[in-house]
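# Coordinate inspection notes
Here are the chains, one letter per residue:
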Amino acid sequence: MLYYKSYDHPDSTEWVTFIHGAGGSSSIWYKQVKEFKEHFNVLLIDLRGHGKSQEIFERYFSNEYNFENISADVLEVMDHLKIQQSHFVGISLGTILMRTICELAPDRVKSLVMGGAVTRLNVRSKLLVGLGNATKKFIPYMWLYRFFAWIIMPRKRNQESRILFANQAKKLCQKEFVRWFGLTYKLNPLLRYFNENDTKLPTLYVMGDEDYMFLPQVTQLVKDHSTSSLQVVPNCGHVCNVEQPDFFNSTAINFISHNS
C-alpha cells in the first residue's frame, strides 16, 4: 500500500484527501495541513515511486504505470481506512488523477479542488512533452525536470515552488522518472475525454493569474461544465498552494465546507 498519513478531527465526519503532482510528495502540502485539520479529517498520500512510497513499490509493485492503476492505489488507501467518501484537493498532474478517480469510483468523491489544473495541452506544452519523451532515457532527469519547472514557473516569485519540487524530484531515480513521464503519451486522448464529459460533481479550479500554460484552457472548460467554477489567484504562478497559501486555503476550505 502507498505511504499515507492521516489526521482525525474530533467532530467532523468530512475527509479531505490531498493528491500531489509528478515529482512531488505529500510534503508539498505543508502550508495546508494545519488549517485543514482544524476543520476536517485529513489524508495525505505519497503516490507510487514518490516520497516514502518509493521503496514500497520498488519491492512489491509490478503492474503498469497508467492513470487508472495509480488512481486505484489511492482508492486502496481509502478502503484500508474505511473512508467511504472524500473531498479531494490536488495540484498539477494530481488533478488528472483526481479526475480519473471520478471515472473509476464517482460515488467516493464529494467535491474537487483543482489547483494548477492540467486540462489541455497547448502548443508549448506539447513541444515540451515531445522533447522530454525524445530525451528522457539518456539525459539526466534532473536536467529535464529543472528545465520544465523553469518553463512552467519562470518568474522570480515562483522560485520557492521550483526549489521545493526540485528537492522532492531528487528523491526519484532515472527509472522512476521515465515511468512517470511515459504517462504523457496518454495525456491528449484522456484530457480530451475529460473535457467532453462533465463529472457533474462540485469542482473548484484554483489557478494563478500567471499560470500562462494552463489557465486559458481551464477558463474555457469552466464555461462548458455546469458544476465547475474558477478562482484566479493574483500574483501567482502554477503551484498556487505554495505561492499564495492563505488565499488557497481560505478559498478551498470555504468551498469544501459549502459542499459538505
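To be clear, the structure that these remarks concern was listed above.
These remarks concern the structure in this document. In this text, all values refer to a predicted model and were calculated from it rather than measured experimentally. (Residues numbered from 1 in each chain as written. Predicted model: local features only at pLDDT ≥ 70, side-chain atom pairs only at ≥ 80, totals over all residues. Heavy atoms only, no water.)

## Overview of the overall build of the chain
Worth spelling out the cut-off: The secondary structure listing takes helices from DSSP runs of H or I that are at least 4 residues long and strands from runs of E that are at least 2 residues long, numbered from the N terminus. Residue-level accessible areas treat just the shown protein chains as cover; the underlying method is Shrake-Rupley with a 1.4 Å probe.
Helix and strand counts for the chain stand at twelve helices and seven strands. As displayed, the chain offers around 11,600 Å² of accessible surface, 53% of which is attributable to carbon and sulfur atoms.

## Quick word on the sheet that holds strand β4 (residues 86-91)
Spelled out, the test is: A strand pair is defined by DSSP finding two or more bridges across the two strands. Convention adopted: a line fitted to C-alpha atoms gives each axis, helices being fitted over their contacting stretch, and angles between N-to-C directions are expressed from 0 to 180 degrees. Contacts: residue pairs with any heavy atoms within 4.5 Å of one another.
Sheet architecture is open: seven strands sit in the order β1-β3-β2-β4-β5-β6-β7, paired in mixed fashion. Edge positions in the sheet fall to β1 (4-7) and β7 (228-233), since each has one partner strand and no second. For this sheet, the mean angle separating the axes of adjacent strands, direction not counted, is 15°. Packing of helix α4 (residues 93-104) onto the sheet brings it into contact with β2 (15-19), β4 and β5 (109-115), and relative to β5 it is tilted by some 160°.

## Focus: the environment of Thr203
The cut-off we apply is this: Any residue under 20% of the maximum accessible area for its type is buried, any over 50% is exposed, and the rest in between are partly exposed; the area is computed with a 1.4 Å probe on protein chains only. Pairs of N or O atoms within 3.5 Å make up the polar contacts considered here, provided that, within protein, one atom can donate a hydrogen while the other can accept it, and that residues adjacent in sequence are counted only when both atoms are side-chain atoms.
Looking at the secondary structure, you find Thr203 in strand β6 (residues 203-208). The class of Thr203 is buried, set by a relative accessible area of 3%. For Thr203 and Val222, which are 19 residues apart along the polypeptide, the C-alpha to C-alpha distance reads 9.3 Å. Each residue touching Thr203, except ones within four places of it in the same chain, is listed here: Leu112, Met114, Thr227, Ser228, Ser229 and Phe255. In this structure the side chain of Thr203 is engaged in a polar contact, spanning 2.9 Å, whose partner is the backbone oxygen of Leu201.

## Let's talk about the nonpolar core
Note the following rule: As used here, the term nonpolar core means buried Ala, Val, Leu, Ile, Met, Phe, Trp, Tyr and Cys residues forming a set that is joined through side-chain atoms within 4.5 Å.
Core analysis: the biggest nonpolar cluster contains 40 residues, and Val74, Phe88, Ile96 and Tyr205 have the highest contact counts within it. Among the elements of the structure, β2, β3 (41-45), α3 (67-80), α4, β5, α9 (187-196), β6 and α10 (215-224) are those that each provide at least two residues to this core. Ile96 has contacts with Phe67, Val118, Leu187, Leu190, Leu191 and Phe194, leaving out every residue within four places of it along the chain. Among the nonpolar cores identified, the runner-up in size contains 24 residues, and Val89, Val113, Val239 and Ala252 belong to it.

## Quick notes on a positive patch on the surface
For the record, the criterion: Nonpolar side chains (Val, Leu, Ile, Met, Phe, Trp, Tyr) within 5 Å and like charges within 9 Å form the patches, drawn only from residues with over 30% relative accessible area and no salt bridge. The term salt bridge refers to a pairing of a side-chain nitrogen on Lys or Arg with a carboxyl oxygen on Asp or Glu at a separation within 4 Å. His is not counted, nor are the chain ends; Lys and Arg add positive charge and Asp and Glu add negative charge. Where a charge lies is defined by one atom per residue type: Lys uses NZ, Arg uses CZ, Asp uses CG and Glu uses CD.
A cluster of basic side chains, namely Lys5, Lys34, Lys37 and Lys52, defines a positive patch on the protein surface. Mapping Lys52 onto the fold places it in the loop between β3 and α2 (54-60).

## A short note on the packing of α3 against α4
Axes are the key here: two packed helices are described by the angle between their axes and the distance separating the axes. Spelled out, the test is: Every angle not falling under 35 degrees, over 145, or within 65 to 115 is termed oblique; those three ranges are roughly parallel, roughly antiparallel and roughly perpendicular. Each residue receives one of three labels: charged for Asp, Glu, Lys and Arg, nonpolar for Ala, Val, Leu, Ile, Met, Phe, Trp, Tyr, Cys and Pro, and polar for the others, Gly being one of them.
For the pair α3 and α4, the least separation of the axes is 9 Å and the interaxial angle reads 80°. The angle between the axes of α3 and α4 places the two elements in the roughly perpendicular class. Each of Phe67, Glu68, Ile70, Ser71, Ala72, Val74 and Leu75 in α3 lies in contact with α4, whose residues at this interface are Leu93, Ile96, Leu97, Thr100, Ile101 and Leu104. The residue makeup of the contact of α3 with α4, split by class, is ten nonpolar, two polar and one charged.

## Points about the side chain of His9
Within the secondary structure, His9 is located in the loop between β1 and β2. Judged by relative accessible area, which is 18%, His9 ranks as buried. Other than its neighbours up to four places away in sequence, His9 contacts Lys37, Glu38, His39, Phe40 and Asn41.

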